[in-house]
Amino acid sequence: MKILLIYPYCIEGRIHEEEISIMPMGIYFVGAVLMENGYDVEILNWYNINKTPGKIEEILRYKKPDIIGFSILHANRWGGIEIAAIAKKIDPGVKVIFGGIGATFLSKHLLTHFANIDFIVLKEGEYIFLNLVRLIEKNEYDNLKNIKGICFKQGGKIIKTESPLPVKDIDDLPVPAKYFTYQHVALTRGCPGNCTFCGSPQFWGQKVRFHSSEYFVNQLQLLYNKGVNFFYFSDDTFTCRKELVIDVCKKILKKKLHITWAAISRVNFINEEILCWMRKAGCVQISYGVESGSEKIRACLNKKIKEEDIIKAFELTGKYGILARAYFIYGSSGENQDTIQETIDLIKTIKPLSIIFYILDIFPGTALYADFIKRTGLTDDIWLKQIEDIMYFQTDNNLSSESVMDFGKKLRACFYNNLPDFVESIELIDKKEFFGLHADFLSRLGMTFSHGDYAAIVSIPDKDGIAERLYRRALDYFPNHRSFFGLGMLKQQKGKFEQSIKILSKGVDYFPESEQMSICLAISYMNQGKYKKALSLLSVFKDSKDAASYIKICNEKV
């Protein structure tokens, strides 16, 4: 049997493509379980195939799948529906299976209104999907009710079978890295929190399950051997179990995995010992769900964290040279100018170096959604509209679109206007063993101002000045490639070629094998008419495509 696992496109595009281009980890686990059991499986990331819609039919005709499984979040449900319709048109006998959080919480709705969906796998789908495939393969449809955790149509009715037990020991799952390459990994399943806006409690349950450190680091090792050196640790709360996190970090160091990674945590599950080991093992960013500076709003969202824990987490995280990113939600029930000011005050206190602001959304599977349905008397059929979400303020007469947009403007203005001061206030732990890591942290941050996300934001004042100070501070700690290069480029862009040459020459002395630095230095020499000097640098990389055009110019000028 030929099985395709497809991650479909979302209804709306995104400014930042990475927000929708990353496939959920579950699709890889489903694929790995099927492959371990001898099935021919292919995973297709079709997050943007709607830009070339003719490719959908072309590829499906070529691959001739017997079964197509769709990984459905919520925003991409219509993508799955549309692709399923094309697949059924090509081959009415192909079996279409929806799974994932979006399909789980809208299972009856989807089966009622979309005839091209044959089955829905509920919640944790690896072995449920396998059991369903085996049944389809044997044409044993009379036994569908014996499979736990599925939803399907039969005799004009929608049948939902008994709920399955979750995988007891998640180490029993095959490691997907044996078959696939990806960057998002997780040590855990589930979250100790029970936030009203989150579907995790209903999907995974509130009991957190853990991989062993051996399983998790072995997965990292397999991916590292395939060339992956940056990872997203995508747990809801990576730091749930202190001893396990430290053991993971020690194993990363022992195996000499030269990786960097970003994680997610709760402010009340963090301490200095964990941060110390995480930084040593390559952690460069931790995202914390702060949600609001107002205790009243946090209580409304059932975000059970204390302000003192928030302040402490951001202080300690920054101290170890880990970028502390904050998630804030605005537009909640009871939001007003006073609660927004409380959030602004908290932002100024914790001095985050990155913030993601969200307007409160309502999604199926959350406590907010259950309350919304109860309040309005509406049904899941509201999702027949081609919309990705419902914003909370649209359901609350005390909030208007104008006021919520104004809240967002105030929050962003506060952050961007104060960001230079936040950067200047960085205090790093004074331990020599961290000096190289501090240089790495400061130079990464500098690059965001000179060439990264912040470089494009007009409302941030003195971006080049911030970047230069960060690069120079990094070099005070340790010779750092990114700092030499970034500082040299800043001077070059301003036409200060002598200064650029001085900085980049020192960088080339430390990093003689750096093609990037040597080319940049050569360009500064070329701008001074010193083509022989430039050619002596470029000739080391004569086989490089990047250097070739500059070598040609120099040869013509010499």
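Conventions used here
- Residues numbered from 1 in each chain as written.
- Predicted model: local features only at pLDDT ≥ 70, side-chain atom pairs only at ≥ 80, totals over all residues.
- Heavy atoms only, no water.
- Helix = DSSP H or I, 4+ residues; strand = E, 2+ residues; numbered from the N terminus.
- Buried < 20%, exposed > 50% of the residue type's maximum accessible area, 1.4 Å probe, protein only.
- Areas by Shrake-Rupley, 256 points an atom, 1.4 Å probe, with all protein chains shown as cover.
- Lys, Arg positive; Asp, Glu negative; His and termini not counted.
- Charge placed at Lys NZ, Arg CZ, Asp CG, Glu CD.
- Pairing = 2+ DSSP bridges.
- Axes fitted to C-alpha atoms, helices over the stretch in contact; angles between N-to-C directions.
- Contact = heavy atoms within 4.5 Å.
- Core = buried A, V, L, I, M, F, W, Y, C linked by side-chain atoms within 4.5 Å.
- Patch = residues over 30% accessible without salt bridge, like charges linked within 9 Å, V, L, I, M, F, W, Y side chains within 5 Å.
- Salt bridge = Lys/Arg side-chain N within 4 Å of Asp/Glu carboxyl O.
- 1 Å grid on protein atoms, 1.4 Å probe; cavity = no way out; pocket = protein on both sides within 12 Å on 5 of 7 lines; lining within 4 Å.
- Points joined across faces, edges and corners; volume = space filled by probe spheres on them.
- Nonpolar A, V, L, I, M, F, W, Y, C, P; charged D, E, K, R; others polar.

Caption draft 1: Main features of the overall build of the chain. Scanning the chain from N- to C-terminus turns up 23 helices and 17 strands. Along the longest, intermediate and shortest principal axes, the C-alpha atoms of the chain span 80 × 60 × 45 Å. Across the 558 residues in the chain, those meeting the buried criterion constitute 54%. Accessible area for the chain stands at about 25,600 Å²; split by element, carbon and sulfur atoms hold 50% of it. Computing the positive centroid from 72 side-chain charges and the negative centroid from 66, the chain places the two 3 Å apart.

Caption draft 2: Examining the environment of isoleucine 147 more closely. Mapped onto the elements, isoleucine 147 comes out in the loop between α7 (126-138) and β6 (150-154). Separated by 135 residues in sequence, isoleucine 147 and glutamate 12 place their C-alpha atoms 35 Å apart.

Caption draft 3: Molecular detail of the sheet that holds strand β3 (residues 67-71). A sheet is described by the order of its strands in space; here seven strands give the open sequence β2-β1-β3-β4-β5-β6-β7, paired in mixed fashion. Either end of the sheet is taken by a strand with one partner, and the two such strands are β2 (40-45) and β7 (157-160). Taken pair by pair, the neighbouring strands of this sheet meet at an average axis angle of 20 degrees, ignoring direction. Inspection of the sheet shows strand β4 (residues 95-99) paired to strand β5 (residues 119-121) by two bridges, in the parallel sense. Among the inter-strand pairings, phenylalanine 98 is bridged to a residue of β5, identified as isoleucine 120. Along the sheet face, α7 touches β1 (2-7), β3, β4, β5 and β6 and points at about 150 degrees away from the line of β5.

Caption draft 4: Up close: the sheet that holds strand β8 (residues 184-185). What the six strands build is an open sheet, ordered β8-β11-β12-β13-β14-β15; its pairing is parallel. The open sheet has two free edges, formed respectively by β8 and β15 (354-359), since each of these has just one partner strand. Bridge count for β8 against strand β11 (residues 230-233) is two bridges, and the pairing is parallel. Opposite histidine 184, over in β11, you have tyrosine 232 as the bridge partner.

Caption draft 5: Representation of the nonpolar core. Counting 191 residues, the largest nonpolar core has Leu34, Phe98, Phe129, Trp261, Met278, Tyr288 and Phe449 as the members making the most contacts within it. With nine residues, helix α16 (residues 401-424) is the largest single contributor of residues to this core. Non-local contacts of methionine 278, meaning those with residues more than four positions away in its chain, are made with Phe238, Thr239, Val245, Cys249, Trp261, Ala263, Cys283 and Ile286.

Caption draft 6: Seen up close, the environment of glycine 31. With respect to the helices and strands, glycine 31 occurs in helix α2 (residues 25-36). Glycine 31 sits 98 residues away from phenylalanine 129 along the chain, and the two C-alpha atoms are 9.6 Å apart. Residue contacts for glycine 31: discarding those within four places in its chain leaves Leu5, Val41 and Phe180.

Caption draft 7: Quick look at a negative patch on the surface. Where like charges cluster on the molecular surface, the negative patch consists of Glu295, Glu307, Glu308, Asp338, Glu342 and Asp345. Elements represented by at least two residues in the negative patch include exactly α13 (307-319) and α14 (337-350). If you tally residues by element for the negative patch, the top one is α14, at three residues. Position of aspartate 338 relative to the elements: it lies in helix α14.

Caption draft 8: Region of interest: the layout of surface pockets. Computed from the structure, the second largest pocket encloses a volume of approximately 400 Å³. As for the second largest pocket, its lining consists of 19 residues, and the residues nearest its centre are Phe314, Glu315, Gly318, Ser425 and Glu427. For the lining of the second largest pocket, the secondary structure elements donating two or more residues are α13, β14 (323-330) and α14. In terms of residue count, α13 provides more of the lining of the second largest pocket than any other element does, five residues in total. Classifying every residue of the lining of the second largest pocket by side-chain character gives twelve nonpolar, three polar and four charged.

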